[in-house]
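# Close look at the chain arrangement
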Amino acid sequence: MFQKNIESYPVKKMPTWRKLTMAMWRPPVDPSAYGTLDIDMTKANTLLEHLRGKMAQKLTPTHLVLKAVALTMKKYPEINVVLCRNRLYQREHIDIFIQVFFKDAGHADLSGAKVRDADQKTLEQIAEELGGQASQIKKGNDPNLKKTKNLLQILTPCLLKWFLKFLEFLTFDLNWRPKFLKLPPDPFGAVMISNVGMFGLKFGFAPLTPLARAPVVIVVGEITDQAVVQNGEIVARPIMTLGITVDHRVMDGYLAGLTGGYLKELLENPEKLLS
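Residues numbered from 1 in each chain as written. Predicted model: local features only at pLDDT ≥ 70, side-chain atom pairs only at ≥ 80, totals over all residues. Heavy atoms only, no water.

### Looking at the overall build of the protein chain
For the protein chain, the count of helices and strands is seven helices and nine strands. Within the protein chain, the fraction of its 275 residues that count as buried is 40%. Sequence separation of at least 24 residues holds for 63% of the intrachain contacts in the protein chain that already meet a minimum separation of 6. Taken as a whole, the protein chain presents about 17400 Å² of accessible surface, with 58% of it coming from carbon and sulfur. (Helix = DSSP H or I, 4+ residues; strand = E, 2+ residues; numbered from the N terminus. Buried < 20%, exposed > 50% of the residue type's maximum accessible area, 1.4 Å probe, protein only. Contact = heavy atoms within 4.5 Å. Areas by Shrake-Rupley, 256 points an atom, 1.4 Å probe, with all protein chains shown as cover.)

### Remarks on the pattern of salt bridges
In the structure shown here, the tally under the stated rule is eleven salt bridges. In this structure, the salt-bridge partner of Asp95 is Arg116, at a minimum N-O distance of 2.9 Å. Pair noted here: Asp95 is in the loop between strand E3 (87-90) and strand E4 (96-104) and Arg116 is in the loop between strand E5 (107-115) and helix H4 (123-139), with a separation of 21 residues, a long-range link. Residue classification places Arg116 among the partly exposed positions, given a relative accessible area of 30%. When the shortest N-O distance is used, the salt bridge between Arg213 and Glu168 registers 2.9 Å. Of this pair, Arg213 sits in the loop between strand E6 (191-195) and strand E7 (216-220) while Glu168 is found in helix H6 (residues 157-173), placing the two residues 45 residues apart along the sequence. Here Arg213 and Glu168 have matching classes, each one buried. What emerges from the salt-bridge pattern is a single network uniting Asp95, Lys114 and Arg116. (Salt bridge = Lys/Arg side-chain N within 4 Å of Asp/Glu carboxyl O.)

### Structural notes on the nonpolar core
Core analysis: the largest hydrophobic core is formed by 48 residues, its most contacted members being Leu66, Val69, Ile193, Leu242 and Leu267. Looking at which element gives the most residues to this core, the answer is helix H3 (residues 61-75), with eight residues. Filtering out sequence-adjacent residues up to four positions away, Leu267 remains in contact with Ile39, Ala44, Leu64, Val65, Ala68, Leu242 and Leu273. (Core = buried A, V, L, I, M, F, W, Y, C linked by side-chain atoms within 4.5 Å.)

### As for unusual backbone geometry
When glycine is set aside, most residues are seen to have a negative phi, and most peptide bonds are trans. Even without glycine at this site, Asp117 takes up a positive phi of about 50°. One can find Asp117 in the loop between E5 and H4. We classify Asp117 as buried; its relative accessible area is 18%. Here the phi dihedral of Asp186 falls at roughly 45°; this positive angle occurs in a residue that is not glycine. Positionally, Asp186 belongs in the loop between H6 and E6. Assessed through its relative accessible area of 22%, Asp186 is described here as partly exposed.

### Notes on the pairing of E6
In the case of a regular strand, side chains alternate between the two sheet surfaces. By the criterion of burial, E6 is predominantly enclosed, with four of the five residues buried. Where E6 meets E7, five bridges bridge the pair, whose relative direction is parallel. Looking at E7, one finds that Met192 is bridged to Val217. (Pairing = 2+ DSSP bridges.)

### Quick notes on helix H7 (residues 253-268)
Side chains three or four residues apart in an α-helix point the same way, a direct result of the helix having 3.6 residues per turn. The first and last C-alpha atoms of H7 sit 22 Å apart over 16 residues, in line with the 22 Å expected at 1.5 Å per residue. Those residues of H7 not exposed but buried are Leu255, Thr259, Gly260, Leu263, Leu266 and Leu267. Take H7 and look down its axis: the buried residues cluster within an arc of 125°, on one side only. Among the exposed residues of H7, those pointing more than 90 degrees away from its buried face are Gly253 and Tyr254. Here the buried face of H7 lies against strand E1 (32-40), helix H2 (42-52), H3 and strand E9 (233-247). Looking at where H7 begins, the residue whose side-chain oxygen comes 3.3 Å from the main-chain nitrogen of Tyr254 is Asp252. (Expected span 1.5 Å × (residues − 1). Arc of directions from axis to C-beta. Polar contact = N/O pair within 3.5 Å; in protein donor to acceptor, adjacent residues only side chain to side chain.)

### Here's the deal with the side chain of Arg213
According to the relative accessible area criterion, Arg213 is buried, its value standing at 17%. At a separation of 2.6 Å, a polar atom in the side chain of Arg213 contacts the main-chain carbonyl oxygen of Leu83. Residues in contact with Arg213, not counting those within four places in the same chain, are Val82, Leu83, Cys84, Arg91, Glu168, Phe172 and Asp173.

Have a look at this one:
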């Protein structure tokens, strides 16, 4: 015999809006957890100004974030994992994906570029690699982007939905890449980074992308002067806010505290990113 698990009784009358929301949304199954990290960019701005004249590619706060994230993943490899068939697998490379904004036929669109083994590359190498990839994307010369656009034109939204689910199952759960698609290995890496500061947004959050299986998504906000308390006095400091979304199946509060603290330390002491 089964016994009642929860002592309850049905609600006789519900507001219209509540009935509408119950019809639109399913029970919560999303593992996303959200948080923000405020970074004092005083030293970082000074470093960027110092380095910009010495590099062919323009160095930006996003490059600093990418390098800092890579070093954080190296120190805490627990976040550099992929979840497959309800098991965690350690990624062998520290790969980070950067979203790239471009215009296609006058319409705003997004693509991206991946930096492989980002922990082993200097800021200058990262800037050059991303600059080259972004330039190809914006010119429409990126072969992977062309293949994706052709596929999107062929498939209807309904078919595309099932195709993406099937592709996710093949590439992650079965760890198999169909040769005819010519997909790069692990195309999104373990962390995805997007910059909304370029659009004048102070900060934001981005959703986890099922097809990517990246357990961390970071949104870089605009640097703004904000009032902070230092040594008992209120002073203005350039603050950059990171909006961070994590997969709670991979990262709990304890690990988030460790990695967030180390990431903040690196970005507020950017000389540690030069090695």
